[in-house]
Amino acid sequence: MASNYRRETICIQSGWKPTTGQPRVLPIIQSTTYKYDTSEQMGRLFDLEDSGYFYTRLQNPTNDFVAQKICELEGGVAAMLTSSGQAANYYAVFNICEAGGHVIMSSTVYGGTFNLLTVTMKKMGIECTVVDPDSTEEELNQAFRPNTKCVLAETIANPALVVLDIEKFAKVAHAHGVPLIVDNTFATPINCRPFEFGADIVTHSTTKYMDGHAMCVGGAIVDSGNFDWDAHKDKFPGLTTPDDSYHGVTYTEKFGKGAYITKATVQLMRDLGSIQAPQNAFLLNVGLETLPLRMERHCANAQAVAEFLESHEKVAWVNYPGLKNNKYYELAQKYMPDGTCGVISFGLKGGRAAAEKMMDKLTLAAIVTHVADARTCVLHPASHTHRQMTDEQLVEAGVAPDLIRFSVGIENVADIIEDLATALSFV
Ligand SMILES: *Cc1c(COP(=O)(O)O)cnc(C)c1O
């Protein structure tokens, strides 16, 4: 699947590669089902003896061409699309962690992921230990239990903007015989490829920069193919022992490096059905074509906005990993030398009340429950996305009550700064 193309070229050329007479643009295969000549052919698909499409709840060609492009961008061996980023993180964990299992998760993950692991998956019998992403190796080691199945964290946390020390997390996870799953939504593979630093599985909310235009909710899971499931057979029986629902197929034996994504497709997608609509995959693919251009502009604009805010008298603090005095500046330089993301957080000297007042005066930047798309937008997590959290959890998640999450778009940055300057004049 891998090519030697650079990321900008992969974004345009990879995935759908037409042969003579075929459409130049990725077709939307708007079909729930697929035809076979013989009953036997169809039967072999259900035994996983042949690979092929039979029902779009499991797999669709349009989706697979887009997943292939994302796979190449990340430098993985196999990938799949899901209907949302939530589904991607759920499947990524549930594929290897069942009732009785345990997950270690960074405290600063996205609020939806925090809920998924600590509330919903807990009801499914999966325990989760939340750790500070700045923990030392020793502290991280203490979080492991005999039934730990994976470690989950974000390259750049939404919205805390904590930069993950991927190598440290990977080293500790591997020392305990479990994979590191990294949600790479904010950095995108344009700015960081977590596999190069030891991550084993990458997830995405493609809803954000990958789509980039706020059109479609979607997700993706990519496997590096590097984690040796068979070396830890007893920990991952779902991959290394026979699956009764497929006449005793053992995924690692039959699919090698494709085992993890194959299982997530033929078992979890089959049973839970969070497939991405092919129409959405088509739009995601269009977004991916311009991802490198957009990321470059997002980062340049965000840097300028962060510097403007930092010098503004009414601003109490600014958090952006591209600022030299930022706690994560060095880590960001190491893992994301070309830039981090377009999201900034900041607080005003007037606190929460001033934040709400200022936000209402913005005209270009829109108040929306979204982040990381072409249009500049703003949100107050404590009142919106994270409002279910206690004050203690907010602090743990790196979300101060006065935190304004400002997602810098790709407009002309002078207009974004003017909008902020005007709004700040009212507080
Ligand atoms: C938005 C987001 C998610 C959830 O994705 P949806 O597509 O909204 O389901 C997961 N992780 C991160 C880092 C996100 O920003």
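Residues numbered from 1 in each chain as written. Predicted model: local features only at pLDDT ≥ 70, side-chain atom pairs only at ≥ 80, totals over all residues. Heavy atoms only, no water.

1. Thoughts on the layout of surface pockets
Moving on, step 1. Put simply, the largest pocket is a space of about 690 Å³.
Moving on, step 2. Gln59, Asp64, Ile261, Thr262 and Thr265 are, among the 31 residues lining the largest pocket, the residues nearest its centre.
Moving on, step 3. Looking at the lining of the largest pocket, the elements with two or more residues in it are α3 (61-74), β1 (78-82) and α11 (259-272).
Moving on, step 4. Of the residues contributing to the lining of the largest pocket, the split by class is 20 nonpolar, 9 polar and 2 charged. (1 Å grid on protein atoms, 1.4 Å probe; cavity = no way out; pocket = protein on both sides within 12 Å on 5 of 7 lines; lining within 4 Å. Points joined across faces, edges and corners; volume = space filled by probe spheres on them. Helix = DSSP H or I, 4+ residues; strand = E, 2+ residues; numbered from the N terminus. Nonpolar A, V, L, I, M, F, W, Y, C, P; charged D, E, K, R; others polar.)

2. What to know about the sheet that holds strand β11 (residues 377-379)
Moving on, step 1. With mixed pairing, the 5 strands of this open sheet are ordered in space as β8-β9-β12-β11-β10. The open sheet terminates on both sides in strands that have one partner only, identified here as β8 (315-319) and β10 (366-367).
Moving on, step 2. Against the sheet, helix α13 (residues 291-310) makes contact with β8, β9 (343-348) and β12 (404-407), and its axis sits at roughly 10 degrees relative to β9, the strand it touches most.
Moving on, step 3. Helix-sheet contacts for helix α15 (residues 351-361) involve β9, β10, β11 and β12, and the interaxial angle to β9 is about 125 degrees. (Pairing = 2+ DSSP bridges. Contact = heavy atoms within 4.5 Å. Axes fitted to C-alpha atoms, helices over the stretch in contact; angles between N-to-C directions.)

3. A short note on the sheet that holds strand β4 (residues 148-154)
Adjacent strands of a sheet pair through backbone hydrogen bonds, lying either parallel or antiparallel.
Moving on, step 1. Across the sheet, 7 strands lie side by side as β1-β7-β6-β5-β4-β2-β3; this open sheet has mixed pairing. Two strands bound the open sheet, and with one partner strand each, they are β1 and β3 (127-131). Between one strand and the next, the sheet's axes are offset by a mean angle of 20 degrees, whatever the strand orientation.
Moving on, step 2. Of the strand pairs in this sheet, β4 and strand β5 (residues 180-183) are connected by 4 bridges, and their pairing is parallel.

4. Quick word on the site of the ligand
Moving on, step 1. As a structural note, the neighbourhood of the ligand is formed by 15 residues, with Asn158, Asp183, Ser205, Thr207 and Lys208 the closest of them.
Moving on, step 2. At 2.8 Å from an oxygen atom of the ligand is found a side-chain nitrogen or oxygen belonging to Asn158.
Moving on, step 3. Isolated, the ligand exposes 380 Å² of accessible area, and the fraction of that covered by the protein chains is 93%.
Moving on, step 4. Among the elements that line the shell around the ligand, the one with the most residues is helix α4 (residues 85-94), at 3 residues. (Near = heavy atom within 4 Å. Polar contact = N/O pair within 3.5 Å; in protein donor to acceptor, adjacent residues only side chain to side chain. Areas by Shrake-Rupley, 256 points an atom, 1.4 Å probe, with all protein chains shown as cover.)

5. A short note on the side chain of Thr56
Moving on, step 1. Tracing the backbone through its elements, the reader meets Thr56 in the loop between α2 (39-46) and α3.
Moving on, step 2. Here the side chain of Thr56 touches Tyr34 through a polar contact of 2.6 Å, side chain to side chain.
Moving on, step 3. The contacts of Thr56, once residues within four sequence positions are left out, are Ser31, Thr32, Tyr34 and Ile275.

6. Digging into α15
Count 3.6 residues to each turn of an α-helix, and residues three or four apart come out pointing the same way.
Moving on, step 1. Those residues of α15 that sit buried are Gly351, Ala354, Ala355, Met358 and Met359. Buried residues of α15, seen end-on, are gathered within an arc of 135 degrees and therefore sit on one face of the element. Exposed residues lying more than 90 degrees from the buried face of α15 are Ala353 and Asp360. (Buried < 20%, exposed > 50% of the residue type's maximum accessible area, 1.4 Å probe, protein only. Arc of directions from axis to C-beta.)

7. Some words on the domain arrangement of the protein
The parts lose accessible area when they come together, and the size of an interface is often stated as this lost area.
Moving on, step 1. Parsing the protein into structural domains produces domain 1 (23-286) and domain 2 (292-424).
Moving on, step 2. Distance between the C-alpha centres of domain 1 and domain 2: 29 Å.
Moving on, step 3. Contact with domain 1, which involves 35 residues of that partner, is made by 38 residues of domain 2.
Moving on, step 4. For the pair domain 1 and domain 2, the two sides together bury roughly 3,100 Å², of which 62% comes from carbon and sulfur.
Moving on, step 5. The tally of links between domain 1 and domain 2 comes to 2 salt bridges.
Moving on, step 6. In this structure, Glu167 and Lys334 form a salt bridge, with 2.6 Å as the shortest nitrogen-oxygen distance.
Moving on, step 7. Across the contact surface, domain 1 and domain 2 share 17 residue pairs in polar contact (both at pLDDT 80 or more).
Moving on, step 8. Where the side of domain 1 that touches domain 2 is concerned, the elements lending two or more residues are α5 (111-123), α7 (166-175) and α8 (188-191).
Moving on, step 9. Here the residues of the side of domain 1 that touches domain 2 sort into 18 nonpolar, 11 polar and 6 charged. (Domains from an automatic or database assignment. Buried area = accessible area lost by both parts, 1.4 Å probe. Salt bridge = Lys/Arg side-chain N within 4 Å of Asp/Glu carboxyl O.)

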